[in-house]
Structures are given as structure tokens and as C-alpha cells.
Amino acid sequence: FSLYQTVEHGFPHQPSALGYSPFLRLMAIGTRSGAIKLYGAPGVEFMGLHEENNTVMQIHFIPDQCQLVTLLDDNSLHLWSLKQHSGASELQEERRFTLKGPPGSPPSATQITAVLPHSSRDVLYLGTESGSVFVAELPSFRVLEDRTVPSEAVLQRVPDDYCNRRSCELVEALREHPKNPNLILIGYSRGLIVLWDLQNSQVTHHFLGSQQLENLYWQRDGSKFISCHYDGSYTQWPVSNDNRQPEPLENLVPYGPFPCKAISKIYWQTTKNGLPYIIFQGGMPRASYGDRHSISVIHGSQQTAFDFTSRVIDFFIIFSSEPTAEFDDPSAMVVLAEEELVVIDLKSAGWPAVQAPYLASLHCSAITCSHHVSNIPLKLWERIISAGSKQNVHYSNMPWPIDGGTNLAPDPPQRDLLLTGHEDGTVRFWDASGVCLHLLYKLSTVRVFLTDADPNDNMNTLGEDEWPPLRKVGTFDPYSDDPRLGIQKIYLCKYSGYLAVAGTAGQVLVMELNDEDAEHVVDHAEADLLQDQEGYRWKGHEKLKTRDGPVRFEAGFQPFVLVQCQPPAVVTSLALHSEWKLVAFGTSHGFGLFDHQQKRLVFVKCTLHPSDQLALEGPLSRVKSLKKSLRQSFRRIRRSRVSSRKRRGAGGNTSEVQEANAKFDQDALQEMELAPVQRKIEARSAEDSFTGFVRTLYFADTFLRDSSRHCPSLWAGTNGGTVYAFCLRVPPAERRMDEPVRAEQAKEIQLMHRAPVVGILVLDGRSTPLPEPLEVAHDLSKSPDMQGSHQLLVVSEEQLKVFTLPKVSSKLKLKLTALEGCRVRKVTVANFGSCKTNEYSENDLAVLTNLGDIQIISLPFLKLQIRYPCIRKEDVSGIASCVFTKYGQGFYLISPSEFERFSLSTKWLVEPQCIVDVPELTSNNHVNNRSGVENATRKS
Amino acid sequence: EFRRFSLERSKPGKFEEFYGLLQHVHKIPNVDVLVGYTDIHGDLLPINNDDNYHKAVSTANPLLRIFIQRKEDADYSAFGTDTVTRKKNVLANVLRPDNHRKKPHIVISMPQDFRPVSSIIDVDILPETHRRVRLYKYGTDKPLGFYIRDGSSVRVTPQGLEKVPGIFISRLVPGGLAQSTGLLAVNDEVLEVNGIEVSGKSLDQVTDMMIANSRNLIITVRPANQRNNVVRNSRTSGSSGQSTESSLPSSTPNIVTNFLQGEEESDEEDIIIEDSGEPQQIPKAVRTSESLESLTQMELLHESTQNGFLPSSETNLNHSAGSVSMEYEEHHPDHKSLEDGTIITL
């Protein structure tokens, strides 16, 4: 055993910066928490974390090097390198640096606003808020003071009338001349742009912009550049050799004439056919489209404004970077939005999106649950992929354009599926076998139900003459039409292809995999879990309305039966037995068993304690304390509003009101101090609320009644520490349709410590957990030992207990909470193989506690093997989201959009293992052009 | 009813035998009785175990006066050290209970009728500034009734005084078990829960530990009030200065054995209902070779875990049989005083 946190899947939380190296063909993403992640070809990933945990503002790769520089919001610069280490590359922080001004200068003097790594690879140009441009040597970060470009020098030959109107202010952009590395373009925020000669330390041209500058872009041949502005305009400037005052060639407001938002970044890309690609971010008409996050692409008569689902952080264009190439010939646009990465194929007609092999937006709708299935049979795998490929026809066929580095990781030994349930009623199937979590197929349960939003009114279809030509791109859509659609539990049988999915409004859907589109009626059954109880009234949400008549389903998993729990409370547990064709489901009121072969409800059992009124009132009334605290906070807000209004009103009263306010604040403070956080110490009693909440359901073929005959059984565990066991009679296969399935309660165990039961498991005569349904039939597991006596393992939040079967007597127990104060949150059986020999493997329990620890506990003797701290205990959602695999791996959410993958087994690790080779420097004009700049550097 | 018989002073035998002899002599084989005697000071003292039986026999000079009362009608107030002031009136006390009217008595029942509610344990191994308190929850509905909070305490470390986070009792619920024991108080610092140190553990963790152990909770505290500490060296041997005989040594070993058993079995009480039959406690699994024998042992053990609830009330007594004592006098228990009497639990 050992704990490895191997790789983060999904989309980085709160990205803040983007960088790209055309040389390495690697992309870098920085986040607000100071993480930096590099991505290349699928499987090529690196991650680094700044110690400071500050927001990464800018990322710049050093040209033609395996190095990059990051700028954080604390104004520190960091140099990172990709170093090869025992055959694989690693990302390491080399050096850090904070620019210091002369003593007594204001902090703004050294506040870095623009960074330009020079193509000579030896220096960084650092534009600052004061307007000065400093030069720092690489990799030492030594400031070459004699080469600083002070704003005074820049202003020397500027016409007086222009100069008087505006001083330089901060440096917005620094751009190196594409052909002549001795020239750099400096753009100041007030509109002034100068071309600076590095060799002679002087301005060669002044470009007197009249609008507040946002960004600059050189055209490929260096004869022109583009500036873009705050008012939504862009300007082309010629660069000639004469000394004339340059005048703008063209000044355009693409979405004018009404006031527009700023254009914050612009590309001008040349093509063979002469028509350039003009690509810019923003510039939308302020009044009607000011809230859109757009990037417009103009190519001749084609124009599209890509409309993103969240704020655009940054974007770049992948174009021909060969220095000898005559044209840019852009191939793809890569856009980092706040919640997703979008890549647009600029070569194919219609500019379709490219499906990304990584950085999937796990959270396009909030994740509500997850389910992992290991070792998927090839047949099922292929069917799921084929169903998925039919959904992805609108994607471009372009190979993934960011393809730097080489993936060295061996092929995964098995096919693993991670299923995520989402708030919008979808289930996403992810290929979780390797480093790249990749979407295979998306299943929607919405079609079964009638919802307010008709899927037919497509928001994307726009008329021909629509202006601006907006086009929605991306999948991020956090707004759920109806929270009742949310998926709560998923169970997939990998052998039969049966899938059971249960949701927030008590809906349980059983589905079958179909390779073709089909139209059929979904059978519908109700399970009244309150059968014998009277006088209860459900105050929660209503059940979802179903569609009448046949429904068209696309190829993939198609529901054939819907079981609706009544009251329609959240389904809290679900189990499917594909061999017996039974599905069991539980809510806060009880549980039921449904025969999906005969489509008949077998039985229901109400688990409510007669005094437990709360459970019936629905989800809202449960959060009484929350409601109360909300009410209080609203009251406080109202009070403060009232008082502030008063303050503004009568002048004479002000001091009084203030005094009263101060007194009120003081009282509130005192109140807080007087009532510290305290916890009640009380034994749990049967009257505690939600004891009936069904936490776990389990099918087992075991000895329930006597030790001579085993039979199918269903086990259920509740929040109040009760375990119910039902003896089932499933007719043999040949009479399966003719005889009903029967069930009879055989046992009820009440744990006296009354802690919630989170897991039930039966161990066979060899103390091995019973195999999954159909596992033996597919020759993938030894058949269970039915000779020796079986044992029952009940895992509550506080203890693990082993009982004998069929006569229940307690055999062993492990108290966790009494000894350590931790409570079991997740438990699963995992198979651990020896990394030395293939012959040995054992089954253990992997237990995640509320403290975020993972404990491995042996079976059947319940001995604690080892404990690892894994998740921070404050990270409640991380702990709640954790899912274990059958082979000692696991996933948990580190942010709404990212899964951390961990492994408890040393046998098999899924982690990035890749190498980035430095491409040979071919006949590179940069080499030939080594200029005096560099010589000067050497000398100094 | 008066009886007179002789005993071998040098070989008095066991209390059980003596008790049997009394029942035999009075021909009341199924009646539970309280046995008392008058010591040299004239105090009425109980005989309920070997020790005080032997003491009684050895102090008999030469006559040992023994009083027997039917248990359910017993007037407990007759016992105790107070009786010394009424030296000559022991008999009168027993025989004419209306004497007490003038001075209402607190009724204290016999030790075996108590069940422990709390105890201070491990006094000999703990520092004097600490107190280890055991709370017995059993099946009662009485809430444990206390709250804990975060706080900071000062510790002596090699680096000098240091402020460290600690867990404190923040509130006692009136009428709760914790308050009724008087052994825990607000602002006492919680050091251990069932032998596990709480330092380094969060408030929630300690809460979960306490709740998980709530059926048999042992808390080690540093009392906020350090004036009532047990002072080990000056412990006196008896609870009464005047009458050494009046101490009840029998009760202590009883309790000790009780909670030793309770330790292991306190939460071994899961219940099973088979085929919707009657709820039963789940037995501990045993190897088949020793099954029957140890099963019965289990039963016994279990019975003793419910200590205190003596089966006395189960026996039916014909009222006409009346109370019995060696030197007989019909004894009408003062029902009123019994009802009014405060029940003091230890």
C-alpha cells in the first residue's frame, strides 16, 4: 500500500492566464491559486505550484527554450524549466525575482504590466505602470539598468501638443519586431506607441494613437502593425523607413457605429490567398451585447463572433511558426474561457470546434454523484464509444493541434469507466483508464420527462442577417432547467449493459444499451413507500411529469422502465442485480424492490420511525437552522440598510444613529463572544430524526435462514443503525416470466450505537466478498464458497462489525469513532495485488473518514493496515465526492471542475509520464541575427 | 416474631449461609429481607456481606441482636450513624416509627438497590489535579446533558508556559446526568475520552468520540475548581470517625466488578429480530466446542451488567406473612415518608 496523488483530471479551477510555445507546442495555464499546468499531446502534462499561492497573471515561454516565466499578482516573476530526469521531463521552478525600483520610488514604478521575452533568449523586457521598460537578464534576473527605457526618453521627440495632452502612463504592450530583433514596439495605455531601437537606445518612430490602447500585434512581414483600443476600434499603422510622422492606414470599429466594448487582443494573420484572418476579442456593441464573451474571426466575407459561455481569459492562434514560411496560415484558435477550453478549427469550412482530449469541463452541469466501473469488457466499451461517436458528429476531424512532447506512459492495463451524474439530468461516461479523462458518451434522462424548457427551441439558430453574427460555442451550462432532474445514484452492470439511474425527485430509471435509435414507450410504475403509514403529508417537491406515448431515444442507453417513489424524495441508495433482473431503491422513507423483467413491484418497506415527522415534510423543512440563520442575516442586512438610509437623511440625527449602530454592532459582537461554538454530547436515540433514511442496499446470495440452503437476499441499512434482510425467491430462468418474485423479511438488526449504516457486505466461506452478479457467469471470478459459513460485515459510520450467518451473532468489531473520533464516509472493497508477484492479491476495505483520512482495513479480521491523510478535513465536498475503484484507486473533486486521482496500490499507477525533447534549432534566422544586444549583455 | 439461636463464634461461615439460616428459622424461604444488627454504640447497622457479617459476629458480646425487615417494607432510615444519638432507642426506632415524625429523615436505601450513575476512578494513578469520571448511561432516558467547546489552556512546557488549544465543558443541562453527578462542571478541561487523549483533536472529533462512547463514557478532566481534589495521602480509612463499623465496604468491590464487566460488554447489545419474531440481543459468536457453556456465562455476565436492578420486586409476597425480624415486632413502614423521601443516587 501507499498513497499517491497522481493526476488532476478536468478543467483547472479559476484559470487566470494562458501561454503557448509554438516551439515546444505546449500550452500553459495558470490559475488564481498559483498553479501552473502545461499540456501538450494527449498524456503530456506537467504541473507546478507557486509557493505563494498567488494568482498567475501572465505566462510567457522563452522563445526556443524549455523555459517559461510567470508573473504573479504580487509582482513577482518566476522562471520555470522543463528538465529531463531519469528519462522523463519534470517541471521545476528555477528562480524567482521581484523588480525593485530606486529607493523612494512609488510601488507603481516597478509594478509590471507587460513582459516580453526577447528572441535572443537572454533578456526579458518588463513594462511597468510608471511607463518605464526595465531589462532583466536571464536566467539570473539581474536588472541591466543602463538599458532601461525611461518614459522621459520616449517623450523627447513627441510633438508638444500631443505630449501635453497625455503622459505615457503604463505600458500596455511590448512587441518585438518579427524580422528585426533590435526593434521593439512599446504601447502606452493613453494611446502613444513607439518603436524603440535597442542598439541605439532611441525611438525610431512615434505613433500617435488617439484612443486608449489595449493591445498590439505585428504583421508577419513587419511592415505594419495593428493596435486595438478601449472604444472597440482597431488601427493599422505602417512602419516605413522614412522619418515622416506615421499616420494610421485604417481605423475601424467593427461593431460600430454605436459605442462598443474594448477590443482587448487582436491577431492579423496572413494567408496564401491574400485575405487575412482578423481575430479579436471583445468589441461588441456596448448596449445590447456588452455582456457577451466573444471572439470574432473575420476572413474575407466570412465573419463569426464566437460567443463563449464564460469570461474569456485569453486566447492564442496556432499558425505556421516556420521562420521561412511566407504566410501565417492559421490552423486553429485556442480559447481559454473561465470554465472551459474551446478550440476552433480555422481550416475547415464553418470553423467547427475540435474535441479536446483533456481539460474536459466536468462541471458543465454541476456534478451530483459519481460511479466507477473497473475493467469494462471490450464489447460494452466499443458499444459505448460507438454511441458516443454518433453524438460527436459536429466536431472537427482535425487532429489535436497542441501536440508537443511524447507520452511515455504504458497503455493502461484495463478499460475503466467513470460515470458522473449531473444536476441537469445527464450522465456522462468518461474514459478513466489513463491520464486523460476523456468524454465517451453523454446520456440524458430529460427526454423521459416533461419539462418547462422544450429542447426543440434551439437558441443557436440565428437568421442569416443577424448582426453581430454570434455563434454559441462550448458546453458549460450550469443552469439547470429543473433541479428535480438531478442524478443522485448510478449503477451500471458491465456484463449485461443494464444501467439504473436514480434522481432527486424519486425517479428510478432502468436502461438497456441499444445500438440503434429507437422510439418506444417507457413503462411506468409507482412505489408508495408510505403504504401503512397514515397522517403524513409530504411538503417537498412534486414528482416529475412524464411524457405520454412513445419517446424517441438516440442510440445508447435507452430507458425502458421508470419507477417513481412516493413521496418523491431524493433516492438515497440504489442497487441493481442484473442476473435476477431486480432493482432496489431507497429514499428517506423506505425502500422497495422492483422486478424489471416482469415490470412489477415486488415489495416496499417503510423505514420511518413513527415519531419521525421531519422526514416527511420534504427537503426544505429539514434545514431549519439554516433557514433561521438566513432569516437572521436578512434581518441584519435590512437593519443596516435602514440605518444607512437614516444616516443619509436627517443631518441632526446622524450621530445618534451612528451611536446606536455602534452599540448594535457591539452587542452583536458580544453576543457572539458569549456563545462560542459548542457541541451537545448526547447519546443517539431512536427518536432522532431521519433514522429511516436508507443509506445502503445490497444483494447477496447467502445463508439467511438456515445453514443448509442459501437463497437470494436483499439487505438494507438505515441512518438509524438498522439493517433489514429480506429473503427473495426468484423463479428459475425458464419460468422467470411466469412466476412472481417473492420476498419475505427474514431479519432485522438494530445496532445499539445507532450510527448510520453505510455499507453491508457478505463474505463467503473463504472470507472473500461475494462476487458481483454475472461475474462468475462470465468466468471472471471464482464462484463463491458455499461450503464454509458466511459472514456479514456491517459498516456503520462509527464501527465495523462482523456477524455470523445464518444465526446472527457478533464475531468481531472495530470501533473507529470511539477511538479516533473519525466517522466513516465512504467504504469499499478493493483488491490489492502484490507488486512483486502476480500470484498474490488480497481484498481489503478502503475507508474514507470525515477527517479526510483513508484507512485500509483487512478482511475478514478488521485489522487496520495503514492510514493516509488524503483530503483536507475542511474539504467537505471533496470528501463527499470521493469514489473508490475496485483496484485501490480513487477520485475526488478538488474543485467543482477537477477530479484528483489517487492510488492506494503500488501495483498500478495512472500518472503522467512524458518527455519534451528540445527540437533541433534548424536554420534559424534568430541565430544568424544574434545582435549587439547579446554582445552587450555578455560584456556587462 | 422473635427467634433465638446460637452460632459458632469462631466459625461463623458465609453471609449467604447465614441468610439462608435466617430464612429457614423464620420459615420464609422466598422472602427478601434486610438484615441489621446493633453494634456496641447502639447503631443499627446492616449485614449484607461476609465482611460485615463477620464483624457483627466478632463484636457480639455475647448476644448478637439481629433485626430483619421485609425488603419492600424496610425503613431504611433506621440504619446509619445517626442512630448513635438515639442509642437507647434503636428498638423504639424500629418499632415505633411515628417517633420520626418530628424529624423527617432522608431515606437511603441499601447499597445493592443502587446502580452507579457515576464514579471517580483511577484516583491512584492520576495526578491530583485531574479527575477521571465515569458516567453510566445504561438504559435510562436521562440525558447525558452537557456541551463542550473549544478553548485554550496553559501548559507547562520545557520552553515555559505555552497556550495550547483545549476542549472544555461549556454547559451542563439542568437535570442531566452530568449535572446530577456533581463531578463535572462548566469550564472543566477535557483531557481524555475513554483513555484517548483529546489534544490535537478537533471539537467535532471529540464530540463524535464522546457520542460513540456515550453508553460508557469515561472523561478525564482538569476541574476548573481545584479545591475539591481528592488528596491521596490524607485519605481516612472510614467515612465515619466515630464508628468504623458503619462504613459499607461491601459496596465498593461490587461496583468495581460491575464496571469491569461493563467495560467490554457495554455496547454489545445489538438487537436482532428474526422472521418478525421477538427482539433478542445478539450473542457474541463463540467457537462451537465451548458454545453452550460460554453462552450461559454470557447470560450471567449480561445479567450482572444490568446491575442494581435486583430482582427483589419480582417475588410475590403474601402480605399476611408480614415483615420478619429476629426479635419480632410488626413493622408498619411509613408509606408517606417513603414517597416523600428523596432518592439519593451515588
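Residues numbered from 1 in each chain as written. Chains lettered and ligands numbered in written order. Predicted model: local features only at pLDDT ≥ 70, side-chain atom pairs only at ≥ 80, totals over all residues. Heavy atoms only, no water.

## Some remarks on the sheet that holds strand β10 (residues 112-117) of chain A
Residues and elements named next belong to chain A.
- Spatially, three strands are ordered β10-β11-β12 in an open sheet, and the strand pairing comes out antiparallel. Only two strands of the sheet have a single neighbouring strand rather than two, namely β10 and β12 (133-137). Averaged over neighbouring strand pairs, the angle between their axes works out to 25 degrees when direction is ignored.
- Examined bridge by bridge, β10 and strand β11 (residues 123-128) share five bridges and lie antiparallel to one another. Bridge pairing in β11 links A114 to G127. (Pairing = 2+ DSSP bridges. Helix = DSSP H or I, 4+ residues; strand = E, 2+ residues; numbered from the N terminus. Axes fitted to C-alpha atoms, helices over the stretch in contact; angles between N-to-C directions.)

## Topic: the UniProt feature "domain: Lethal giant larvae homologue" (unreviewed entry) in chain A
- In the numbering used here, UniProt assigns the "domain: Lethal giant larvae homologue" (unreviewed entry) feature to residues 253-352 of chain A.
- For the annotated span residues 253-352 of chain A, helix accounts for 4% and strand for 45% of the residues, and the straight-line distance between the end C-alpha atoms is 26 Å. (UniProt positions renumbered as here; feature names shortened; annotations may be inferred.)

## Here's the deal with the interface of chain B and chain A
- On the chain A side, the residues contacting the 39 residues of chain B number 40 residues.
- When the shortest N-O distance is used, the salt bridge between B:E274 and A:K747 registers 2.5 Å.
- Run the count over chain B and chain A and you get 15 residue pairs in polar contact (both at pLDDT 80 or more).
- Elements that contribute at least two residues to the side of chain B that touches chain A include exactly β6 (146-157), β7 (160-172), α5 (203-212) and β11 (271-274) of chain B.
- Residue classes in the side of chain B that touches chain A are distributed as 17 nonpolar, seven polar and 15 charged.
- With four bridges connecting them, strand β50 (residues 742-750) of chain A and β11(B) associate as antiparallel partners. Within β11(B), the position partnered with A:Q750 by the bridge is B:I271. (Contact = heavy atoms within 4.5 Å. Salt bridge = Lys/Arg side-chain N within 4 Å of Asp/Glu carboxyl O. Polar contact = N/O pair within 3.5 Å; in protein donor to acceptor, adjacent residues only side chain to side chain. Nonpolar A, V, L, I, M, F, W, Y, C, P; charged D, E, K, R; others polar.)

## Focus on the pairing of strand β16 (residues 202-208) of chain A
All names here are of chain A.
- Here six bridges tie strand β15 (residues 192-197) to β16, and the two strands are oriented antiparallel to one another. Counted as the bridge partner of L195 is H205 from β16.
- Where β15 folds back onto β16 in an antiparallel hairpin, the turn is made up of four residues, including S201, whose phi is positive at roughly 50 degrees.

## Examining helix α1 (residues 15-26) of chain B
Residues and elements named next belong to chain B.
- Taking 1.5 Å of rise per residue, twelve residues should cover 16 Å, and α1 covers 16 Å from first to last C-alpha, within 8% of that figure.
- Those residues of α1 that fall on the buried side of the exposure criterion are F15, F18, Y19, L22, Q23, V25 and H26. For α1, the angular spread of the buried residues around the axis is 165 degrees, confining them to a single face. Turned more than 90 degrees away from the buried face of α1 sit E16, E17 and H24, all of them exposed.
- On the buried face of α1, the contacting elements are β1 (33-38), α2 (50-59) and β3 (66-70).
- Within two residues after α1, K27 carries a phi angle of roughly 60 degrees, on the positive side. (Expected span 1.5 Å × (residues − 1). Buried < 20%, exposed > 50% of the residue type's maximum accessible area, 1.4 Å probe, protein only. Arc of directions from axis to C-beta.)

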